[in-house]
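# Coordinate analysis (summary)
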Amino acid sequence: MNRGLNRFAILVACATFFLIIAGALVTSNDAGLATPDWPLSNGQFFPRMVGNLFWEHGHRMVATTVGMLTIVLTIYILTKEKRQWVRRLGIFALIAVVAQGLLGGLTVKLMLPLAVSTAHATLAQLFFCTTVSLAVFTSRSWIEAPSLPPEEKATEKGSLPLRYLCTAALVTIFLQLIIGATLRHSAPWDQHLPTQLVLAHVGGALAVVVALGSAALTVLRRHRQEKFLTRPARLALVLLVVQLFLGLAAYMTRLASPNDPQPLNPMIGITVAHVACGALVFATTIMLTLRTYKVLGVLVVQDLHDYQEYQVNHVSHV
Ligand code: HEM
Ligand code: HEM
C-alpha cells in the first residue's frame, strides 16, 4: 500500500465534491450564461468576479484545479501502482475529466440545452464516483480487507447474493440522479417544474428507498460484526433519509421560486445541498458495493465452495 498515493486520491475526491457544489451553485443562481464565451470569460483569461460571473468563472477555476489534480493523480498512479485495473481506472478518470470540461464548454456555447446540461450533471457524478473508487482501491482498508468467517460467506449461497442487491441499489440511484438532473435542467428558477418529471423523480425516490434499504438492512442483518461492511451501509441509510428531506424541501422552495424576484438563498442552499447529498448517497453506495465484491465476490464464493467440498471429502474419508 502506498500511503502518499492514497492520500492524494482522497484529496482529489474531496476537491471533486467541492467542485460539484460549485457547479450546482452555478445552476441554482442561474449563472450558466453569465458569460456566453468559452474557454475565455467575457473575452478575458481572468475577468472581474462580479455578479453571476463569480459563480460561473469561479466554477471554471475550481474545475481547472480539479483537472490539474487529476492529471497529477493519473501520473502518480501510473508510476506507483502495479495493479493493471487500477492503472486503467486512473486513465479513465483523466479521460472523464477532460470530457466533462468539454461538455461544460459545450453547454455554454449552445446556451444550456437540456440534453447537454443534463449530461454534464450526470458525468459529474460519474467522475466523482471514479475518484472515490480510486481512493477506496488505494486504501489500507481495501488492501488488508478482513476475511469473513465461512458461516458469513455461506449466507451468499441459497439466498439473493448481497453483492447483487448492492449493485441493484447502485443502478437505481444512478437512474434517479439522471431523472433529478433532467428535472432540474428542464425549468429554471422562474418557471414551474414539469409535474410528470416530478412524479417520475418521486417514484425513483421510492425505488431507491426499497433497493438501498433492502441492501443496507441485509448487510446489517447478515454481517453485523463486520465494520468494513456495516459502516458504509449505516452511512448510506442516514444520507438517504437526509436526502429525502432535502428533496421535499427543494420541491417546496422550487414551488415558490417563480414568484420570487431572483433566485433566493433558501432555494439556492437547499437545491445545492440536495445535489451534493445525492452525490454522497451514490458515493457511499459505490463504496459499499465494491466492498461486498471484495469480501463476498465470485472468487471468495468459489473458495468457500472448494472449502466445503474439501470438508465433505475429508469427513467421508474419515
Ligand atoms: C471537471 C470538470 C467539471 C465538473 C466535475 C463540473 C460539474 C458541474 C456540476 C456538478 C454542475 C451542476 C449541475 C446541476 O446543478 O445540475 C455544473 C454546472 C455547470 N458547469 Fe460544470 N463542471 C466541470 C467543468 C466545467 C467547465 C470547464 C465549464 C465551462 C464553461 C462548466 C460549465 C458549467 C455550467 C455553465 C454549468 C451550469 C449549467 C446549467 O445551469 O444548465 N463546467 N458543473
Ligand atoms: C433517493 C432519493 C433522491 C435522490 C438520490 C435525489 C437526487 C437528486 C439529484 C442528484 C438532483 C439534481 C441532479 C443534478 O442536477 O445533478 C435532484 C433534483 C431534484 N430533486 Fe431529488 N433526489 C431524491 C429524492 C427526492 C424527493 C423525495 C424529492 C421530493 C419531491 C426530490 C425533489 C427534487 C427536486 C424538486 C429537484 C430539482 C431541484 C431544482 O430544480 O433545483 N428529490 N434530485
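Basis of the calculations
Residues numbered from 1 in each chain as written. Chains lettered and ligands numbered in written order. Predicted model: local features only at pLDDT ≥ 70, side-chain atom pairs only at ≥ 80, totals over all residues. Heavy atoms only, no water. Near = heavy atom within 4 Å. Polar contact = N/O pair within 3.5 Å; in protein donor to acceptor, adjacent residues only side chain to side chain. Helix = DSSP H or I, 4+ residues; strand = E, 2+ residues; numbered from the N terminus. Donors = N, O, S within 2.8 Å, 3.2 Å for Na, K, Ca; no water. Tetrahedral: all angles 85-135°; square planar, octahedral: opposite > 155°, others 65-115°. Buried < 20%, exposed > 50% of the residue type's maximum accessible area, 1.4 Å probe, protein only. Salt bridge = Lys/Arg side-chain N within 4 Å of Asp/Glu carboxyl O. Nonpolar A, V, L, I, M, F, W, Y, C, P; charged D, E, K, R; others polar. Domains from an automatic or database assignment. Contact = heavy atoms within 4.5 Å. Buried area = accessible area lost by both parts, 1.4 Å probe.

Lining the immediate environment of ligand 2, one finds 23 residues, of which Arg184, His201, Gln243, Arg254 and His274 sit closest. One of the side-chain nitrogen or oxygen atoms of His201 is found 2.8 Å away from a nitrogen atom of ligand 2. Between a nitrogen atom of ligand 2 and a side-chain N or O atom of His274, the distance comes to 2.8 Å. Among the elements of the structure, helix H7 (162-186), helix H8 (195-222), helix H9 (227-256) and helix H10 (265-296) are those that each provide at least two residues to the shell around ligand 2.

At the metal site, the iron atom of ligand 2 is ligated by His201 (NE2) and His274 (NE2), and these contacts range over 2.0 Å. Taken together, the six donor atoms surrounding the iron atom of ligand 2 define angles of 88 to 179 degrees at the centre, an arrangement classified as octahedral. On the criterion of sequence distance, the pair formed by His201 in helix H8 and His274 in helix H10 is long-range, its members being 73 residues apart. Judged on exposure class, the residue His201 and its partner His274 are both buried.

This part takes up the pattern of salt bridges. Counting across every chain of the model gives five salt bridges. Salt bridges sharing partners connect three or more residues here, namely Glu156, Arg163 and Arg222.

What follows concerns the site of ligand 1. Around ligand 1 sit 26 residues in total, of which His59, Ser117, His120, Arg184 and His185 are the nearest. His185 places a side-chain nitrogen or oxygen 2.7 Å from an oxygen atom of ligand 1. Going through the elements one at a time, helix H1 (3-28), helix H2 (53-80), helix H3 (84-109), helix H4 (114-137) and H7 are the ones with two or more residues in the shell around ligand 1. Considering every element that reaches the shell around ligand 1, the biggest residue donor is H3, with seven residues. For the shell around ligand 1, the per-class residue count stands at eleven nonpolar, twelve polar and three charged.

Moving on: the domain arrangement of the chain. Each assigned domain of the chain is listed here: domain 1 (1-144) and domain 2 (162-295). Listed per partner, the contact involves 24 residues of domain 1 and 27 residues of domain 2. When domain 1 packs against domain 2, close to 2,300 Å² is buried across both sides, 76% of that on carbon and sulfur atoms. On the domain 1 side of the interface with domain 2, the three residues burying the most area are Ser28, Gln125 and Trp142, jointly 25% of the side's total.

Taken together, the protein donors to the iron atom of ligand 1 comprise His59 (NE2) and His120 (NE2), at separations of 2.0 to 2.1 Å. Taken together, the six donor atoms surrounding the iron atom of ligand 1 define angles of 88 to 180 degrees at the centre, an arrangement classified as octahedral. Of this pair, His59 sits in helix H2 while His120 sits in helix H4, placing them 61 residues apart in sequence. According to the relative accessible area criterion, His59 is buried, its value standing at 16%.

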